[in-house]
Amino acid sequence: MANLPKPSADPHRDPAAPAPAAPRRSRRLPCVTVAILLGLAGNLVLCVRRVGDDCGAVAFVGFTHLNLLLLFGAIRRFEVSPQESPARGRARLAVWLLTTTLTAAFTWKIGAMLPLSFAIAAWIMAAVTVLGGFYILFLHDEK
């Protein structure tokens, strides 16, 4: 009985045929990803050129672009990690933290230009967005 083949998930597959190979993860980036990263780099150069000598604006642009780059990497790690693995949990946390810092940075920048009542409303909306993301990513059961 120990030599009997295990039942496969596909009832039409020949049990004597070799099991299908697991898909290999490619280290190459898709063309669309390369195009997006090149566009992001070009946008960074144009933004830094435009703000010129304003160190605060250059720091903001550099921070947001670096944050986006790290966010794309964290999303990729999340997508390729196996279900229920610790790596997937760490990637999920990284995605949430990076989106939270990006939301806070843009809200801070916009809040400086708004009247106080609108700035408060913007911060409340940002907090609701961050807390909603936390609920969906960490507390809500997948159904």
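Before any of the text, the structure's been laid out above.
These numbers were taken from a predicted model, which means no experiment stands behind them.

> How would you summarise the packing of aromatic side chains if you had to cite specific residues and measurements?
Aromatic ring pairs are described here by two measures, namely the spacing of the ring centres and the angle between the planes. Within the structure shown, the criterion is met by four aromatic pairs. Consider the rings of Trp96 and Phe138, whose centres lie 6.2 Å apart with planes at 85 degrees: the pair is edge-to-face. Taken together, the residues span a long stretch of sequence, with Trp96 in helix 3 (residues 86-111) and Phe138 in helix 4 (residues 116-139) at a distance of 42 residues. Overall, Trp96 belongs to the buried group, its relative accessible area being 16%. Given a relative accessible area of 30%, Phe138 falls into the partly exposed group. Cluster of aromatic residues (ring-pair linked, three or more members): Trp96, Phe134 and Phe138. Against the face of Phe78 rests Arg88, its NZ or CZ located 4.1 Å from the ring centre.

> Tell me about the packing of helix 2 (residues 55-80) against helix 3, and please be specific about residues and values.
One can describe the packing of helix 2 onto helix 3 by two numbers: an axis separation of 9 Å at closest approach and a directional angle of 155 degrees. By the angle between their directions, the pair helix 2 and helix 3 is classed as roughly antiparallel. Crossing of helix 2 against helix 3: the hand is left-handed.

> An account of the environment of Val80 is needed here, citing residue identities and associated values.
Mapped onto the fold, Val80 is located in helix 2. In this structure Val80 comes out as partly exposed when scored by relative accessible area, which is 29%. When the C-alpha atoms of Val80 and Ala91 are compared, they prove to be 9.9 Å apart, with 11 residues separating the residues in sequence.

Conventions used here
Residues numbered from 1 in each chain as written. Predicted model: local features only at pLDDT ≥ 70, side-chain atom pairs only at ≥ 80, totals over all residues. Heavy atoms only, no water. Phe/Tyr/Trp six-rings, centres within 6.5 Å; stacked < 30°, edge-to-face > 60°. Helix = DSSP H or I, 4+ residues; strand = E, 2+ residues; numbered from the N terminus. Buried < 20%, exposed > 50% of the residue type's maximum accessible area, 1.4 Å probe, protein only. Lys NZ or Arg CZ within 6 Å of the ring centre and 35° of its normal. Axes fitted to C-alpha atoms, helices over the stretch in contact; angles between N-to-C directions. Parallel < 35°, antiparallel > 145°, perpendicular 65-115°, else oblique. Left-handed = near helix turned anticlockwise from the far one by under 90°.

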